[in-house]
Amino acid sequence: MTIRLRPVNDENREAVLALSVREDQPFVAPNDLSLKQAEEVNEEHPGCARPFGIYADGKLVGFCMFSFAPELEDPEDRYWLWRFMIDKNEQGKGYGQAALAEIIRYFRNNGADRLYLSTEPENGRGLHVYHKAGFLDTGTISGDEAVLMRMLKGPNRAIRDFYGIDVDKRMHLRRKKGYGVSLAVFDGEDLETYCSGSGRRGEDFPVNPDMLFQAGSVSKPMFALTLLRYADKGLIDLDADISGVVPEFVRKSPETFPALLSHTAGYNVHGFPGYRADHEPLPLEDVLDGKGNTPRIRRIRPAGKQFLYSGGGITLAELAFTRLTGTTLREAFRKEVAEPLELRHSGFLQPLSGEYVPNAAFGGRLAEKEDPAHGYHYHPENAAAGFWTTPTDLVKAGLALSKSYRRGGFLRKETARRMLTPVMDRYGLCVFNLRGDIGEHAGWNEGFLTEWIFSMRKDLCVAGMHNRSSEAAAEAQSKIVREIFQDAEENLAGNRGRRSWGSWCGKYEHTADAGFHVDEVFRKDGKLWAKCGNGDGGSDCRLYSIGKNTFGRMGGFEKIEFGEGFLTADGVTERKIAEDA
């Protein structure tokens, strides 16, 4: 059998258009659509899209189309097999594998070092064909399609970078039977996910984008979204005194939802360790009364005087909410948040019911220590720690909140802005406000970690979840999620104001007691940098554009704005030092 690739032209176009796949193969785009897309791409990028007819011993048997762009900076964007199909009448004759071998040869002979393709995860037959040809899973799903790759030079190994980050190495994953990670990103254009490792330590249980993880304290903003939906509908008076609703736990009135959600009400009980999965149901009243494994809730600081993070205060708010509405938080979230936002894999699912267990991650070593069939804790404190979800659903929630902040929608604009406006210590109503335009919250339950961050200015959100809880793992995941966020934020903004960079470079003066400050701005390797300090040392930091004359700092969340002869660093103005001074 001799396979040849011949460019689609006027002579064979009609024959190529006549090719089709079977009705039970819905994963392949029609050839007429592919050729139209090739024309559109080549109008803007000549020669990038390359459509070919696949010929076996001189007979047309299939069609393929490549993306060939060796000039692009990112290796993942250079070489792609965009389309591949064998006609329904020619399948089962070995043409598929032979054609893939010829395609691989074409790319290799034309200087490619690797080749990518994508297909729906449900395309089992196609995945089998690609795996047989040496394509390996990368763990990334982009636009609902799984991304595969094949190295064309050197050993054939999958490069599992996600946004340029070796996630597996940074998270110390051991693939099949270690721990696992799940990430999701919406970067203004596409939703992409990355999954790797095992959802259950010691088992071959691959993480998938729909696998449920416990969100820990990211439960709190999900509770706040639910409560604020009720407030928007006039079903709850957000600022009313609720001390009479929970009189057995509030001795001094008034007490309000905003005070509890902003952690300024002065209550104890920082967090909750949870209970064995088979623990009998525990009413919120018993939790708050100290009849579980945490102390009785009580006010230990004057209300409104300081930020004191309190899962106990959030649980008190949950009890007041359920009494006022006459419904459970589980049902309220389903109706007011999950259904409108199409969050198909999320909920305050305490205890986790049987239909969810088969695709639920187990936390840390809880299956080994407590219950082999249920490796997670039961959290009756739903609002504080009881949320199960996926990174994809967290991204959807973050985007909805961001859009509401900018123009209203899921929440009224003024409601979203109140939620995201700091009350004290950069914390609003169950959300941290970083840099004035970023929402963030992290979560830690026994065996689970979550990091969630979103832009208030753009459609940008990143979420990560991991089934191991340790300080090292929390730091690693937080850095990964934040790096991805900043990379995407920089790409969305572009290099605005580049012509002004020269006038901004130089040394700046600040007061001796300044916290975060900039000593000098300079160029390096085509980027804008600054010598930054924070009161206990300094370092060189790369700046990246986030708006007109406005920059963020890689690795941190300070905002730097440039003016004529001055800059503002995290809200503090610094004057530029004259060069002859």
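Heads up: the structure comes first, above all this text.
In this report, the structure presented in the accompanying data block is examined. Keep in mind that this is a model prediction, so the values were computed, not measured.

## Some remarks on the overall build of the chain
Moving on, step 1. In terms of regular secondary structure, the chain is built from 16 helices and 27 strands.
Moving on, step 2. In terms of overall dimensions, the chain is globule-like: its C-alpha atoms have a radius of gyration of 27 Å, near the 25 Å expected for 581 residues.
Moving on, step 3. Taking the principal axes of the C-alpha coordinates as reference, the chain spans close to 90 × 75 × 45 Å.
Moving on, step 4. Among the 581 residues that make up the chain, the fraction classed as buried is 54%.
Moving on, step 5. Accessible surface computed for the chain: about 25,800 Å², of which carbon and sulfur atoms make up 47%.
Moving on, step 6. Each charge class in the chain can be summarised by its mean position, and for the 76 positive and 84 negative side chains these summaries are 2 Å apart.

## Remarks on the packing of aromatic side chains
Moving on, step 1. Counted under the stated rule, the structure contains 34 aromatic pairs.
Moving on, step 2. With a centroid separation of 5.4 Å and an interplanar angle of 25 degrees, the aromatic rings of Trp80 and Tyr116 are classed as stacked. Of the two residues, Trp80 is situated in strand E4 (residues 79-86) and Tyr116 in strand E5 (residues 114-119); the sequence distance between them amounts to 36 residues.
Moving on, step 3. Residue class for Tyr116 comes out buried when judged on its relative accessible area of 2%.
Moving on, step 4. Consider the rings of Trp504 and Phe562, whose centres lie 4.5 Å apart with planes at 10 degrees: the pair is stacked. In this pair, Trp504 is assigned in helix H16 (residues 501-504) and Phe562 in strand E25 (residues 559-563), connecting sequence segments 58 residues apart.

## What about the packing of helix H13 (residues 391-407) against helix H14 (residues 413-420)?
Moving on, step 1. Remark: H13 packs on H14, axes separated minimally by 7 Å, with the N-to-C direction vectors making an angle of 115 degrees. Classified by the interaxial angle, the pair formed by H13 and H14 is roughly perpendicular. The two elements H13 and H14 cross, and the hand of that crossing is left-handed. Within the contact between the two elements, H13 uses Leu401, Ser404, Tyr405, Arg406 and Arg407 and H14 uses Lys413, Ala416, Arg417, Met419 and Leu420.
Moving on, step 2. By residue class, the composition of the contact of H13 with H14 is 5 nonpolar, 1 polar and 4 charged.

## What about the pattern of salt bridges?
Moving on, step 1. This model, assessed by the stated rule, comprises 35 salt bridges.
Moving on, step 2. Among the salt bridges present, the one from Glu339 reaches Arg334, with a minimum N-O distance of 2.2 Å.
Moving on, step 3. The exposure class assigned to Glu339 is partly exposed, which follows from its relative accessible area of 47%.
Moving on, step 4. With relative accessibility at 34%, the residue Arg334 sits in the partly exposed group.
Moving on, step 5. Here Arg553 ties to Glu558 by a salt bridge, and the two come within 2.7 Å at their closest N and O atoms. Each member of the pair Arg553 and Glu558 is classed as buried.
Moving on, step 6. Put simply, Arg435, Asp437, Arg457, Glu489 and Lys559 are held in one network by salt bridges that share partners.

## Overview of the environment of Ser470
Moving on, step 1. Locating Ser470 in the fold gives a position in the loop between strand E19 (460-466) and helix H15 (471-493).
Moving on, step 2. Looking at Ser470, the relative accessible area reads 26%, which means it is partly exposed.
Moving on, step 3. Spatially, the C-alpha atom of Ser470 lies 9.5 Å from that of Gly364, the residues being 106 residues apart in sequence.
Moving on, step 4. With residues near it in sequence (within four places) discarded, Ser470 still touches Trp444 and Leu449.

## Side note on the layout of surface pockets
Moving on, step 1. Roughly 550 Å³ of internal volume is contained in the second largest pocket.
Moving on, step 2. Going through the elements one at a time, helix H4 (124-132), strand E6 (136-142), strand E7 (145-151) and strand E11 (191-197) are the ones with two or more residues in the lining of the second largest pocket.
Moving on, step 3. Its residues assigned to classes, the lining of the second largest pocket shows 10 nonpolar, 7 polar and 5 charged.

## Considering the pairing of strand E23 (residues 538-547)
For a regular strand, side chains alternate in direction, first toward one face of the sheet and then toward the other.
Moving on, step 1. The element E23 is extensively covered by neighbouring structure, given that 7 of its 10 residues are classed as buried.
Moving on, step 2. Two elements, strand E22 (residues 527-533) and E23, share 6 bridges in a ladder whose sense is antiparallel. Of the residues in E23, the one forming a bridge with Gly533 is Gly538.
Moving on, step 3. Alignment of E23 against strand E24 (residues 550-553), held across 4 bridges, turns out to be antiparallel. Opposite Tyr544, over in E24, you have Gly552 as the bridge partner.

## Concerning unusual backbone geometry
Moving on, step 1. Here Gln350 and Pro351 are connected by a cis peptide whose omega angle stands at -10 degrees.
Moving on, step 2. Relative to the assigned elements, Pro351 resides in the loop between helix H10 (329-341) and helix H11 (366-369).

## Some thoughts on the sheet that holds E25
Moving on, step 1. One closed barrel holds the 8 strands; their spatial order is E20-E21-E22-E23-E24-E25-E26-E27, and the pairing between them is antiparallel. Geometrically, the sheet is characterised by an average inter-axis angle of 30 degrees between neighbouring strands, direction not taken into account.
Moving on, step 2. In this structure, strand E21 (residues 517-524) lies alongside E22, joined through 7 bridges in antiparallel fashion. Paired with Val518 across the strands is Cys532, a residue of E22.

## A word on H10
Moving on, step 1. Counted at 1.5 Å a residue, the expected span for H10 with its 13 residues is 18 Å, and the 17 Å between its end C-alpha atoms agrees.
Moving on, step 2. Taken as a whole, H10 carries its principal kink of about 35 degrees at Lys335.
Moving on, step 3. Among the residues of H10, those classed as buried are Leu329, Ala332, Phe333, Glu336, Val337, Ala338 and Leu341.
Moving on, step 4. Contacts from the buried residues of H10 go to helix H6 (219-232), helix H9 (311-325), helix H12 (382-385) and H13.
Moving on, step 5. Where H10 ends, the next residue or the one after it, Glu342, has phi of about 55 degrees, a positive value.

Calculation notes
- Residues numbered from 1 in each chain as written.
- Predicted model: local features only at pLDDT ≥ 70, side-chain atom pairs only at ≥ 80, totals over all residues.
- Heavy atoms only, no water.
- Helix = DSSP H or I, 4+ residues; strand = E, 2+ residues; numbered from the N terminus.
- Rg over C-alpha atoms; globule rule 2.2 N^0.38 Å.
- Buried < 20%, exposed > 50% of the residue type's maximum accessible area, 1.4 Å probe, protein only.
- Areas by Shrake-Rupley, 256 points an atom, 1.4 Å probe, with all protein chains shown as cover.
- Lys, Arg positive; Asp, Glu negative; His and termini not counted.
- Charge placed at Lys NZ, Arg CZ, Asp CG, Glu CD.
- Phe/Tyr/Trp six-rings, centres within 6.5 Å; stacked < 30°, edge-to-face > 60°.
- Axes fitted to C-alpha atoms, helices over the stretch in contact; angles between N-to-C directions.
- Parallel < 35°, antiparallel > 145°, perpendicular 65-115°, else oblique.
- Left-handed = near helix turned anticlockwise from the far one by under 90°.
- Contact = heavy atoms within 4.5 Å.
- Nonpolar A, V, L, I, M, F, W, Y, C, P; charged D, E, K, R; others polar.
- Salt bridge = Lys/Arg side-chain N within 4 Å of Asp/Glu carboxyl O.
- 1 Å grid on protein atoms, 1.4 Å probe; cavity = no way out; pocket = protein on both sides within 12 Å on 5 of 7 lines; lining within 4 Å.
- Points joined across faces, edges and corners; volume = space filled by probe spheres on them.
- Pairing = 2+ DSSP bridges.
- Expected span 1.5 Å × (residues − 1).
- Bend = angle between axes of the 7 residues up to and from the residue.

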